[in-house]
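# Working through the structure, step by step
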Amino acid sequence: MMKRRVFVKRIASSVVVFSAPQLLIKATATAAQDTYHQIGPSTFRNLADLALRTAKGLGASYADIRICRDRREHLSAREDRIESIQNSTSFGMGVRVLWKGAWGFASSNTVNEASVKRTTQYALEIARANQAIQTRKTELEGLPAYEGWWTMPMKTDPFKVSIEDKLKTLLAINAAAQKRGADFCRSSMSFVQEEKFFASSRGSYIHQSRVRSFPRFTATATDKESGRFENRQSFAAPRGSGYEYLEDYDLVGDAAKAAEEARMKLKAKSVEPGRKDLVIHPTNLWLTIHETVGHPTELDRALGYEANFAGTSFVTPDKLGKLKYGSDLVTIIGDRTQEGGLATVAFDDDGVRTQGAEFDIIKKGRFENYQMSIGLAKAIGRKRSNGCAFADSWDKFPIQRMPNISLQPGKKKVSVEELIADIKDGIYIMGDGSWSIDQQRYNFQFGGQLFYEIKNGKLGQMLRDVAYQGNTVDFWNACDGLCGKEEYFLGGAFNCGKGQPQQIAPVSHGAVPARFRQINVLNTNRSDI
Amino acid sequence: MILSRSEAKQITDKALSLSKADSCSVSLGGHERGHVRFALNSATTSGFQDDLTLSVTSNFGKRSGLASINELDDDSITAAVRKSEEIARLARENPEFMPPLGPQEYLESRTYYESTAKARPDKLAVLCDPVLKEAMDKKVTAAGFLDVGAGCAGMATSNGLFAFEESTGAVFTVSARTSDGTGSGWAGRNYHDMARLDTKHLGQVAVKKTLESQKPIAVPPGKYTVILEASAVCDLLGLMIGNFDARPADEGRSFLTKKGGGNKLGEKLFGDKVNLYSDPQHDVAPGTIYSTDGLPATKRTWIGDGVVEELIYSRYWAQKTGHEPVPYPTNLIMAGGSTSLEEMVRNTKKGILVTRFWYIRMVDPRTLLYTGLTRDGTFLIENGKVTKPIKNFRFNESPIAMLNNIEAMAPSERAAGSEVEDWSVSVPSLLVRDFTFSSLSDAV
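Analysis parameters
- Numbers given for residues are sequential positions, taken from 1 along each chain in its written order.
- Naming scheme: in the order in which they are written, chains are lettered from A and ligands are numbered from 1.
- pLDDT decides what is reported in this predicted model: residues at 70 or higher carry local features, side-chain atom pairs at 80 or more are listed and counted, and totals for whole chains, interfaces and linings draw on all residues regardless.
- Two residues form a contact once the distance between their C-beta atoms, set from the backbone, is within 7 Å.
- Helix and strand definitions here come from DSSP, where helices need a minimum of 4 consecutive H or I residues and strands a minimum of 2 consecutive E residues; each element is numbered from the N-terminal end.
- Under the scheme applied here, ten amino acids are nonpolar (Ala, Val, Leu, Ile, Met, Phe, Trp, Tyr, Cys and Pro), four are charged (Asp, Glu, Lys and Arg), and all others, including Gly, are polar.
- In this scheme, strands are said to pair when DSSP sees at least two bridges between them.
- The domain limits used here are those given by an automatic or database domain assignment.
- The quantity called pLDDT is the predictor's confidence in a given residue, expressed from 0 to 100.
- Remark: nonpolar core denotes a set of buried Ala, Val, Leu, Ile, Met, Phe, Trp, Tyr and Cys residues whose joining runs through C-beta atoms within 7 Å.
- Partly exposed residues are those whose C-beta has more than 12 but fewer than 20 other C-beta atoms within 10 Å; 20 or more makes a residue buried and 12 or fewer makes it exposed, with C-beta atoms placed from the backbone.
- To get an axis, fit a line to the C-alpha atoms, keeping to the stretch in contact for a helix; angles then go from 0 to 180 degrees between the N-to-C directions.
- For a helix, the expected span equals 1.5 Å multiplied by the residue count minus one.

### Remarks on the interface of chain A and chain B
- Taken together, the contacts link 69 residues of chain A with 81 residues of chain B.
- In terms of residue count, the dominant contributor to the side of chain A that touches chain B is strand 2 (residues 81-99) of chain A (11 residues).
- Looking at the side of chain A that touches chain B residue by residue, the class counts come to 28 nonpolar, 31 polar and 10 charged.
- Across 2 bridges, the pairing between strand 3 (residues 102-108) of chain A and strand 3 (residues 47-60) of chain B is parallel. Within the sheet, the bridge partner assigned to Ala106(A) lies in strand 3 of chain B and is Phe48(B).

Listed below in structure tokens is the structure:
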């Protein structure tokens, strides 16, 4: 039961592949000849040069342009029927200019010479208008120029897999769940292909293409007499992978197990609240890492740029290199090069190369570094961005977003059973559930999918109504056990929100099962309602 | 891009004329939006967005496929129609398929204001200027977001339906913080008409809250009488209405599921004073005139005097259960009372004033238990007066309990929440007893 499907993914030092420009032509030659692919590298260069020339002519000190095409496919099934099959394409460009220290950005879904010129001029108009409320000038660090072409390595392009095959899998998932006791099962697959041309006045011309895949399901068990119901969601994480990820993952087997577990949850014991030791599986811990380490160490929010919406951070710059964020066991890295990572890419949306920019966020418990986009490094005495800019679409301004942020495995081979063996009164938690954290990232509360009682070193019965609540720094300092790399699992979020207008970003978080001492556990049952 | 009614009709007619499917529906959505963003008392990442999307759903018998594009030349439209047909042919028969609707009658739209649609970047910067001046005068640090724009939406089917609507929107939210990081305040509103948006006043409110919330003291968590300002109420009710779907209730997986089977339509689940409705032609918070599948949005009472009077019924579930189809609401109104916020404070012996909530997530769908935190101005009320700023709390509470524990209501007002920010909502501030705070947060 404890060792249900666990994917062991070694942390690749780098998967970034640079290819010669001619490979771009090869990569796109077989693709449909839509507007994006009709543009091609030379036309793109001409359009980019027009934007950059126009911006410079109007006095911009910096400019960049992104021409992007995003393809999405979403299929969903409910019990024995297909609910929907959707395919979408979004194509357009965004131009960003810096004029006398003020940013201006404009975008359009029309991409031609006239539109590039008009959009660039409008971006300048916005920058000029903002001079009236520009009390701090934006300054950018110098960045190397790149001419790079990168295509994410994958075995099977999900957009080339037949719809019939995908539907068969979805229906098999639902059938397996219903056969094993689920009253309902809804399953879906989402795929995104992101293609991007980028050019900047620093001299970069970059083309990148990547794909992400997300299979998921929810099995539901109901009890008509009591009116109770319970869900168990799939444990498959979204990945920066091709369709081979879905082929390798036993979604049908997980659905059958999920159905049994949802039914067991109906009769599970309601938890006794109080301080308990927790063993948290990476299918749950990835989200805790995301919320308690990922967001607080974003430099833009630590400096106050996100104060109005996402919030600020308890990790203020004076804590850099000093804060004891976690116990000595805790090392958490940021990278955009990990295989299968949702944030993995060769260049960020400021044109910063990601290979070689990997960094420790927390090293042996100490806070070491922030995530940065362009223009932020100087505020903390660093020279340049570490490649963490991303815009979720051609019509959004690139802002600082998370790289893949992952808890490093323990040095020794330690099993989940060994972590549990040293616990008198605790809970083993799997799968992500409800999540919430304050705007400075101190106080959090997380639920989960499955909870098992731990008594005197042994795993016991299933529990329900569990949430764990705590303070970020106390929590990570309470970590006193980690499994080894054999238990490593890469979780992640398909749609992490930040910014105004809000942008979503895909990001992965790897982890191993970890033990935390004396964490506050709540009982979430409300018997008065 | 914003299309006129005739331009939209031309495109939907074109797409429908290309269709070789048994039936087809087409929807269009466009926008032109400009925004100004500021932080640290200075402009940051301002911009302009312009897009137009066409979605085509083709049906062969009960098999359906959908394709969306944002390039609207003839070749692209043809390609989208063909793609949707290709998908539909590969799809399975859906026993719950409902044919596209025929012509419908819609109310007159009240969501478009020409002056808002025409706002330029310089106008937006001017609106932010007094807010930044107020912040700098009072030596606090402001961050905010002003988003103004227009949108168009159209829908047509091969059965003769055509719907079209233009709308505008202006959203302004502003936060401020003291230099020592111990005080934080917020104010925000959204309107369809930018002229109603008083950014200067909102800036003053946020700055005042910031200064008043400095150096908060810790009050132990527990059950408290609370005054929830409209933003906090907006969030909890906006989240609740998303769970008013009849189907999950009938299927045994909703807070509206009845023990032994069926749903709680007609049952009194909330306090006597609770009246919750939607009305597309509401003066303060109008909604769009059409909703799911092109069904007309009309005035509907969801909760009347505490009784569940209406649930959302998809066309399929309505047909199966013998109910009228009820689409998702396009706005939400809670009828208010006549007690001012000041009176509520005067009538409270011990309580907590909450400016707004943050990061609200469902904990238990069976009881509609949510968790989240207070943010940007939380104050202690003692003997009829706001006496001290206090540290923020995490709450674990259900809107069901909240709507059963109302002591007084302010007049209903347009509100923007943190989770429900740009929907059209009008709700009152509420005085509520026994609201559950489960822990303290150090966040400011």
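### Structural notes on the domain arrangement of chain A
All names here are of chain A.
- Split by domain assignment, chain A resolves into domain 1 (21-267) and domain 2 (270-523).
- For domain 1 and domain 2, the distance between their C-alpha centroids amounts to 23 Å.
- Listed by partner, the interface residues are 41 residues for domain 1 and 35 residues for domain 2.
- If you list the elements that add at least two residues to the side of domain 1 that touches domain 2, you get strand 1 (62-78), strand 2, strand 3, strand 4 (147-151), strand 5 (184-200), strand 6 (205-223), strand 7 (228-233) and helix 6 (251-266).
- Looking at the side of domain 1 that touches domain 2 residue by residue, the classes come out as 15 nonpolar, 13 polar and 13 charged.

### Looking at the confidence of the model for chain A
- Of all residues in chain A, 94% attain a pLDDT of 70 or more, and the chain-wide mean is 93.
- Long-range and interchain partners of residues 1-32 of chain A, a stretch whose pLDDT sits below 50, account for 51 contacts in this model, where long-range means more than four residues apart.

### Side note on the nonpolar core
- If you look at the biggest cluster of nonpolar residues, it comprises 292 residues, and the most contacted ones within it are Ala177(A) and Ala255(A).
- In terms of residue count, strand 5 (residues 140-157) of chain B provides more of this core than any other element does, 10 residues in total.

### Examining the sheet that holds strand 9 (residues 276-278) of chain B
Residue and element names in this part refer to chain B.
- A sheet is described by the order of its strands in space; here 6 strands give the open sequence 11-10-9-12-19-18, paired in mixed fashion. Strand pairing shows two members of the sheet lacking a second neighbour, strand 11 (307-308) and strand 18 (413-414), which therefore form its edges.
- Pairing of strand 12 (residues 332-334) with strand 19 (residues 425-427) involves 2 bridges; the strand directions are parallel. What sits directly across from Ile-333, in strand 19, is Ser-426.
- Across the sheet, helix 6 (residues 230-241) is in contact with strand 9, strand 10 (300-304), strand 12, strand 18 and strand 19; its angle to strand 19 comes to roughly 120°.

### Some words on helix 6 of chain B
Residues and elements named next belong to chain B.
- Spanning 12 residues, helix 6 covers 16 Å between terminal C-alpha atoms, matching the ideal 16 Å at 1.5 Å per step.
- Counting buried residues in helix 6 gives 11 out of 12 residues, a clear majority hidden from the surface.
- For helix 6, every residue scored as buried is listed here: Ala-230, Ser-231, Ala-232, Val-233, Cys-234, Asp-235, Leu-236, Leu-237, Gly-238, Met-240 and Ile-241.

### So, the environment of Asn392(B)
- On the secondary structure map, Asn392(B) appears in the loop between strand 15 (385-389) and strand 16 (393-397).
- With 72 residues separating them in the primary sequence, Asn392(B) and Lys320(B) have C-alpha atoms 47 Å apart.
- If we skip the residues at most four places from it in the chain, Asn392(B) touches Asp438(A), Leu373(B), Thr374(B), Arg375(B), Thr378(B), Ser441(B) and Ala443(B).

### Notes on the sheet that holds strand 15 (residues 404-407) of chain A
Residue and element names in this part refer to chain A.
- Across the sheet, which stays open at both edges, the 4 strands sit in the order 12-11-10-15 with antiparallel pairing between neighbours. Strands with a single pairing partner mark the edges of an open sheet, and in this sheet they are strand 12 (366-367) and strand 15.
- Summarising the sheet, strand 10 (residues 332-335) and strand 11 (residues 359-363) pair through 3 bridges and their orientation is antiparallel. Bridge pairing in strand 11 places Gly-334 opposite Phe-359.
- Of the strands in this sheet, strand 10, strand 11 and strand 15 touch helix 7 (residues 282-294), which is tilted by about 110° from strand 15.

### Here's the deal with unusual backbone geometry
- Between Gln500(A) and Pro501(A) the backbone carries a cis peptide bond, its omega angle lying at -5°.
- You can see Pro501(A) is positioned in the loop between strand 23 (489-498) and strand 24 (503-511).
- Although it is not a glycine, Lys139(B) sits at a positive phi angle of roughly 60°.
- Position of Lys139(B) among the secondary structure elements: in the loop between helix 4 (121-137) and strand 5.
- Take Lys139(B): there are 10 C-beta atoms within 10 Å of it, and that puts it in the exposed class.
- With phi around 50°, Lys215(B) is a residue other than glycine that occupies positive phi space.
- Mapping Lys215(B) onto the fold places it in the loop between helix 5 (199-212) and strand 8 (222-228).

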